[in-house]
2 protein chains.
Amino acid sequence: MATTTTTMASLLSARFLIAPSFATPAAGAATYHCDSKLAAVSFPSLKCRHLPSAAAIGSPAPSTPASSSSRLLTRKSVAFAEARSIEEEQMLTECPASLLREGENVQWDNPSTSSMRARFETMIRKAQDDICAAVEAVDGSKFHEDSWIRPGGGGGISRVLQDGNVWEKAGVNVSVVYGTMPPEAYRAATGGSSDNKTALDKAGRIPFFAAGVSSVMHPKNPFAPTVHFNYRYFETDAPRDVAGAPKAWWFGGGTDLTPSYIFEEDATHFHQVQKQACDKHDLAFYPKFKQWCDDYFLIKHRGERRGLGGIFFDDLNDRDPEVLLAFSSECANSVIPAYIPLIEKRKDTHFSPEHKDWQQLRRGRYVEFNLVYDRGTTFGLKTGGRIESILMSLPLTARWEYDHQPEEGTEEWKLLEACRNPKSWVPAS
Amino acid sequence: MATTTTTMASLLSARFLIAPSFATPAAGAATYHCDSKLAAVSFPSLKCRHLPSAAAIGSPAPSTPASSSSRLLTRKSVAFAEARSIEEEQMLTECPASLLREGENVQWDNPSTSSMRARFETMIRKAQDDICAAVEAVDGSKFHEDSWIRPGGGGGISRVLQDGNVWEKAGVNVSVVYGTMPPEAYRAATGGSSDNKTALDKAGRIPFFAAGVSSVMHPKNPFAPTVHFNYRYFETDAPRDVAGAPKAWWFGGGTDLTPSYIFEEDATHFHQVQKQACDKHDLAFYPKFKQWCDDYFLIKHRGERRGLGGIFFDDLNDRDPEVLLAFSSECANSVIPAYIPLIEKRKDTHFSPEHKDWQQLRRGRYVEFNLVYDRGTTFGLKTGGRIESILMSLPLTARWEYDHQPEEGTEEWKLLEACRNPKSWVPAS
């Protein structure tokens, strides 16, 4: 899930994507059908960033809940992007307060009584705001923001800071997607149980909800590391005409570090923060999710990981959803303390053109992983996700040299060795 | 088939790769099993380029056919590359005269009596030599050469010119691969006829032979275009214990142009040369193969082609193989007259940093096509092809900007329009 976007594609969890019917573009495309209920989607204006002030004229005041009046106002403000047949998104001129449908249980004054959907959206929107603010404070330049909706339900807020003072390219995206999936995908997602196979097949397509925050940030200085994180929540509704058909829900996510040069203390700090977040909830989490991360971010054709890992988890639904929301929030809140200190420490380190070249070669590896293996990216590209949001994960620049082999013992070789043979960065609890 | 390598993977034709059993890495990997008959592979030294002179000591004189003595000598010269578990290749210190197995019908003194395998190898080796010589003459620097074998049969010769005077990166590869494929792949390859299904299934894996030349050349100047070409020949043997089981063979290939800026006369010249090559053999070829090229090199998620096309064909076996060998040779021989004049004309054109940035963005698109869609590349990466040969097709450098949209009417916009809406560059015959 290493895209900077959280379109429906990147929100689909691993267990969806291993289903053979999802492996080909044609089959994949067939799984994405949003309901045509634009009228049911509300977009009150709550937080607007870097948008024409004219767009906000007449829009509701901040913190106004979804309402008929705001819906009417914001529907007028929907500006269609240039016609591109492969993209279904409609660009907004103002940032919606919520990407949820009207009628979802959103109690702005009392979040604890809101639905999990609403509370997860609140969490990822806050994470997006907090992390963008932290990045802007260090970089000294501002994120550009694009908001968009899908006519069938849901939408996204993409923020990108490009060619800044510290970061070459940093993208932080939020998206909320409603859609339906065919029964075979549902079975694949829920472990393929055939208990209710006939009922499911009769029921037809199964509604789902997916929401997530996703980010990749590539700094300029070759000694400052790239970070990626993504936290997501998924629900499938009961098929409408099948009483008692199972519902499913799960959490997924992770945060991982991709430096071009190893500083042991940096990698240790980063993993330590991940471990602390995990340990607060379950001592088994960090070792399990650290391993999962090393396994997932493998560039198979190179036999090396993209970077030094971190944590990665999916299909998490083995305890109270409240606990897992708290865990996901903990992880999202750990991005700033895990990452920003490393940037502060390394952003002004002197470097040579050779250091920069090596960073660019590692950026090439990042592109290879994301375009060849990353499930969110590959699936998103093949199923009509918003391309610019999906490909925000790619670096501004990258390089490929024929048969480049760092000399044994060099700093470049050490990084490669660590990518080939992942090590433990923090002692076990 | 837009890789610069012609490993077994890139040689597999389109109809192989659309078979569902080939769509997943696991299934794909299972299809590549070479026979373990290293002793049957001969590598006499014929043409050596840029190799340590010591390696040639005691090797047979040029034009020596495969023989026991040369085999013994060259087997001694096999130098194992660093141990990489995902690569099976063994690097050679000298360039083999032939990548064919000993016993193939190679009559060096009288090529017309040689087998099609041998004659095709001769053709692609000559194409590699001629094109590299033409490129070196323009660039003023030399290709680096790596030769390698696969223990199971076959091998390759990769040549790369990196960071030259004119080209940023130019790769020209030849490879010859022997292997076996499972019956279901054979059926997919031959249209799925079930006439002899039982006999085939009993026969087990079916031997195949594949050979090809493949190249991508990226110049430095943003007004000088990138070219790709690939010509390949494929055979499947009759299963050994099934009398009368069908054999299959076919030719495939193409040459296409990817400029960052359009010069109408350049595109017309390039297509005119392709058309002339086609027209000598069949007036129906050019329109059909031009369309096929436009269809194949589509970056689906962008709704745009990689470039301005050329010709692309596959599964060609509807006439005498002698005729198709002549056609393939004609096409390969057309690369120099189609491409080199464009480079001569544009290599020293003055350009601005903005022109270079646009070229780099288009290089990013090239990477997207090759890593996401190109069958040779994606299949090669997932089935253990020689990575450095496969990824020679990637540019030295590339760039991704968020939501870059050229202003309407600009030269950049015109290129994009031509990639979105392919046009006819030459009048119909």
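Residues numbered from 1 in each chain as written. Chains lettered and ligands numbered in written order. Predicted model: local features only at pLDDT ≥ 70, side-chain atom pairs only at ≥ 80, totals over all residues. Heavy atoms only, no water.

Per an unreviewed UniProt entry, chain A carries the name coproporphyrinogen oxidase and comes from Sphagnum troendelagicum. Turning to chain A, the UniProt record has this under Pathway (unreviewed entry): "Porphyrin-containing compound metabolism; protoporphyrin-IX biosynthesis; protoporphyrinogen-IX from coproporphyrinogen-III (O2 route): step 1/1." (UniProt positions renumbered as here; feature names shortened; annotations may be inferred.)

Draft legend 1. Structural view of the overall build of chain A. For chain A, the count of helices and strands is 15 helices and 11 strands. Here chain A, with 429 residues, has 60% of them falling under the buried criterion. Accessible area for chain A stands at about 15500 Å²; split by element, carbon and sulfur atoms hold 53% of it. (Helix = DSSP H or I, 4+ residues; strand = E, 2+ residues; numbered from the N terminus. Buried < 20%, exposed > 50% of the residue type's maximum accessible area, 1.4 Å probe, protein only. Areas by Shrake-Rupley, 256 points an atom, 1.4 Å probe, with all protein chains shown as cover.)

Draft legend 2. Up close: the packing of aromatic side chains. Summed over all chains, the structure comprises 50 aromatic pairs over all chains. Between Trp167(B) and Tyr339(B) the ring centres are 6.3 Å apart and the planes differ by 45°, which places this aromatic pair in the tilted class. Of the two residues, Trp167(B) sits in strand 5 (residues 167-181) while Tyr339(B) sits in helix 11 (residues 335-346), which places them 172 residues apart along the sequence. Residue classification places Trp167(B) among the buried positions, given a relative accessible area of 0%. Ring centres of Phe297(B) and Phe312(B) lie 5.9 Å apart, and the angle between their planes is 90°; on these two criteria the pair is classed as edge-to-face. Note that Phe297(B) is positioned in the loop between helix 9 (285-296) and strand 9 (298-299) and Phe312(B) in strand 11 (residues 309-316), a separation of 15 residues in sequence. Comparing Phe297(B) with Phe312(B), the two get one shared label, buried. Three or more aromatic residues joined by ring pairs make a cluster, and in this case those are Tyr231(A), Phe285(A), Phe289(A), Trp292(A), Tyr296(A), Phe297(A), Phe312(A), Phe313(A), Phe327(A), Phe369(A) and Tyr373(A). Directly above the aromatic system of Trp425(A) lies the positively charged group of Lys423(A), at a separation of 4.5 Å from the ring centroid. (Phe/Tyr/Trp six-rings, centres within 6.5 Å; stacked < 30°, edge-to-face > 60°. Lys NZ or Arg CZ within 6 Å of the ring centre and 35° of its normal.)

Draft legend 3. Quick peek at helix 12 (residues 353-373) of chain B. Here helix 12 of chain B contains 21 residues, and its C-alpha end-to-end distance of 30 Å stays within 8% of the 30 Å for a straight helix at 1.5 Å per residue. The element helix 12 of chain B is extensively covered by neighbouring structure, given that 16 of its 21 residues are classed as buried. (Expected span 1.5 Å × (residues − 1).)

Draft legend 4. Structural view of a positive patch on the surface. Together, Lys300(A), Lys382(A), Lys300(B) and Lys382(B) make up a positively charged patch on the protein surface. Secondary-structure assignment places Lys300(B) in the loop between strand 9 and strand 10 (304-305). (Patch = residues over 30% accessible without salt bridge, like charges linked within 9 Å, V, L, I, M, F, W, Y side chains within 5 Å. Salt bridge = Lys/Arg side-chain N within 4 Å of Asp/Glu carboxyl O. Lys, Arg positive; Asp, Glu negative; His and termini not counted. Charge placed at Lys NZ, Arg CZ, Asp CG, Glu CD.)

Draft legend 5. Structural view of the side chain of Arg159(A). Residues and elements named next belong to chain A. Mapped onto the secondary structure, Arg 159 falls in strand 3 (residues 154-162). At 2.9 Å, the side chain of Arg 159 forms a polar contact with the side chain of Asp 129. Side chain to side chain, Arg 159 and Glu 145 meet in a polar contact 2.7 Å long. (Polar contact = N/O pair within 3.5 Å; in protein donor to acceptor, adjacent residues only side chain to side chain.)

Draft legend 6. Representation of the pattern of salt bridges within the structure. Applying the stated criterion across every chain yields a total of 58 salt bridges over all chains. One salt bridge connects Arg119(A) with Glu322(A), and the closest N-O pair in it is separated by 2.7 Å. Within this pair, whereas Arg119(A) is found in helix 5 (residues 116-139), its partner Glu322(A) is found in helix 10 (residues 321-333), the two being separated by 203 residues in sequence. We note a salt bridge from Glu388(B) to Arg302(A), for which the minimum N-O separation is 3.1 Å. Linking Glu388(B) in helix 14 (residues 387-390) with Arg302(A) in the loop between strand 8 (298-299) and strand 9 (304-305), this pair reaches from one chain into another. Per residue, the accessibility class of Glu388(B) equals that of Arg302(A), and both read buried. A single salt-bridge network, built from bridges that share partners, covers Glu265(A), Asp266(A), Lys345(A) and Arg346(A).

Draft legend 7. Focus on the relation of the copies chain B and chain A. Expressed as a screw transformation, the operator carrying chain B onto chain A has a rotation angle of 180° and an axial translation of 0.0 Å, and the superposed copies differ by an RMSD of 0.0 Å. The superposition of one copy onto the other is thereby described by a two-fold rotation axis. Taking C-alpha positions as the reference, the residue of chain B nearest the rotation axis is Ala398(B), at 2.7 Å. When you check the interface residues of chain B against chain A, 100% turn up at the interface there too, and the contact is symmetric in its surfaces. (Least-squares fit on C-alpha atoms with pLDDT ≥ 70 in both. Contact = heavy atoms within 4.5 Å.)

Draft legend 8. A look at the interface of chain B and chain A. On the side of chain A, 39 residues touch chain B, which itself brings 39 residues to the contact. Taken together, chain B and chain A are joined by 2 salt bridges. Going through the elements one at a time, strand 3 (144-149), strand 4 (154-162), helix 12, helix 13 (375-382), helix 14 and strand 12 (397-399) of chain B are the ones with two or more residues in the side of chain B that touches chain A. It is helix 12 of chain B that provides the largest number of residues to the side of chain B that touches chain A, a total of 5 residues. Residue classes in the side of chain B that touches chain A are distributed as 17 nonpolar, 9 polar and 13 charged. Where strand 11 (residues 397-399) of chain A meets strand 12 of chain B, 3 bridges bridge the pair, whose relative direction is antiparallel. (Nonpolar A, V, L, I, M, F, W, Y, C, P; charged D, E, K, R; others polar. Pairing = 2+ DSSP bridges.)

Draft legend 9. Representation of the sheet that holds strand 6 (residues 226-236) of chain A. Residue and element names in this part refer to chain A. Ordered in space as 1-2-3-4-5-6-7-10, the 8 strands form an open sheet in which the pairing is antiparallel. Only two strands of the sheet have a single neighbouring strand rather than two, namely strand 1 (90-92) and strand 10 (309-316). Strand after strand, the sheet turns through a mean of 15° between neighbouring axes, direction not considered. With respect to the sheet, helix 5 is in contact with strand 3, strand 4 (167-181), strand 5 (206-219), strand 6 and strand 7 (248-258), its orientation differing from that of strand 4 by roughly 170°. (Axes fitted to C-alpha atoms, helices over the stretch in contact; angles between N-to-C directions.)

Draft legend 10. Expanded view of the environment of Gly204(A). Residue and element names in this part refer to chain A. Along the chain, the position of Gly 204 falls in the loop between helix 7 (197-203) and strand 5. The class for Gly 204 is partly exposed, based on a relative accessible area of 21%. In this structure, the C-alpha to C-alpha distance between Gly 204 and Glu 411, residues 207 residues apart in sequence, is 56 Å.

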